[in-house]
Amino acid sequence: MKRLLSIIAITVLAVSMLAMVSCGKHEFSGNLDDDKNMTINAVNADTGDYFVTGTLVVEDGEQVSIDTALEKGEITVEFIASEGEQNIDELPELDGDATYTAYLSGTNSQAVSFGAGSFMIKPTVTDKATGTVTITVQPAK
């Protein structure tokens, strides 16, 4: 009887430990503050996770600044030119080539100029990631 209770207790403990490990928080999201600022958040984001969000507007004489603060992993961010007006009845074209692709890891900053226009943002986790990426449109230096 004691042996049976010990086996049951060990089994319950093992199942509880597995449940706690498998219920870790996962998040991969973006916040488009306005048409010039965006923040991407990753918390144990899985490889292959992605989303597509609204548009950043880049005017003549502006550049895109990308500040990366990833504790681990890698994220690829594609800037996809959006043609014309967007509306709820038409899906945006996402199969086209990206105007610019940023490959991000670690902690660094970069500023890029790739022309004026409206750009949808498509971040994709390429290696399980944790951290933030801030994208800002600002006057070119």
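Keep in mind that this is a model prediction, so the values were computed, not measured.

Chemist: Where do I start with the pattern of salt bridges in this structure?
Modeler: A side chain of one charge can pair with a side chain of the opposite charge if their charged atoms are brought near each other. For the coordinates displayed, the defined rule picks out three salt bridges. We note a salt bridge from Lys25 to Glu27, for which the minimum N-O separation is 3.9 Å. Note on Glu27: relative accessible area 24%, which makes it partly exposed. One salt bridge connects Glu62 with Lys36, and the closest N-O pair in it is separated by 2.7 Å. You can see Glu62 sitting in strand S4 (residues 62-81) and its partner Lys36 sitting in the loop between strand S1 (27-34) and strand S2 (37-45), a full 26 residues away along the chain. Exposure remark for Lys36: the relative accessible area of 19% places this residue in the buried category.

Chemist: Is there a simple way to explain the environment of Ile75 in this structure?
Modeler: Looking at the secondary structure, you find Ile75 in strand S4. On a C-alpha basis, the gap between Ile75 and Thr47 in space is 9.0 Å, while along the polypeptide they are 28 residues apart. Other than its neighbours up to four places away in sequence, Ile75 contacts Phe28, Ala42, Leu70, Ala102, Tyr103, Leu104, Pro123, Thr124, Val125, Thr126, Ala129 and Val133.

Chemist: Explain the nonpolar core here, please?
Modeler: Most often, soluble globular proteins have nonpolar side chains that are buried together. Counting 25 residues, the largest nonpolar core has Val64, Phe79 and Ile135 as its most contacted members. Contributions of two or more residues to this core are made by S2, strand S3 (53-58), S4, strand S5 (100-112) and strand S6 (117-139). The greatest single-element share of this core, amounting to seven residues, is contributed by S6. Residue contacts for Phe79: discarding those within four places in its chain leaves Leu56, Val64, Ile66, Ala98, Thr99, Tyr100, Phe114, Phe119, Met120, Ile121 and Ile135.

Chemist: What exactly am I supposed to notice about the packing of aromatic side chains here?
Modeler: Aromatic ring pairs are described here by two measures, namely the spacing of the ring centres and the angle between the planes. In this structure the tally under the stated criterion is five aromatic pairs. Measuring from centroid to centroid gives 5.2 Å for Phe28 and Phe51, while their planes differ by 55 degrees, and the two rings are tilted. Linking Phe28 in strand S1 with Phe51 in the loop between S2 and S3, this pair joins segments that are 23 residues apart in sequence. For the pair Phe28 and Phe51, a shared accessibility class is recorded, and that class is buried. Summarising the aromatic geometry, the rings of Tyr100 and Phe114 are spaced 5.5 Å apart at their centres and angled 10 degrees between planes, so their arrangement reads as stacked. Linking Tyr100 in strand S5 with Phe114 in the loop between S5 and S6, this pair joins segments that are 14 residues apart in sequence.

Chemist: What am I meant to see in unusual backbone geometry here?
Modeler: Located in the positive-phi region is Asn44, a residue other than glycine, with phi close to 50 degrees. Note that Asn44 resides in strand S2.

Basis of the calculations
- Residues numbered from 1 in each chain as written.
- Predicted model: local features only at pLDDT ≥ 70, side-chain atom pairs only at ≥ 80, totals over all residues.
- Heavy atoms only, no water.
- Salt bridge = Lys/Arg side-chain N within 4 Å of Asp/Glu carboxyl O.
- Buried < 20%, exposed > 50% of the residue type's maximum accessible area, 1.4 Å probe, protein only.
- Helix = DSSP H or I, 4+ residues; strand = E, 2+ residues; numbered from the N terminus.
- Contact = heavy atoms within 4.5 Å.
- Core = buried A, V, L, I, M, F, W, Y, C linked by side-chain atoms within 4.5 Å.
- Phe/Tyr/Trp six-rings, centres within 6.5 Å; stacked < 30°, edge-to-face > 60°.

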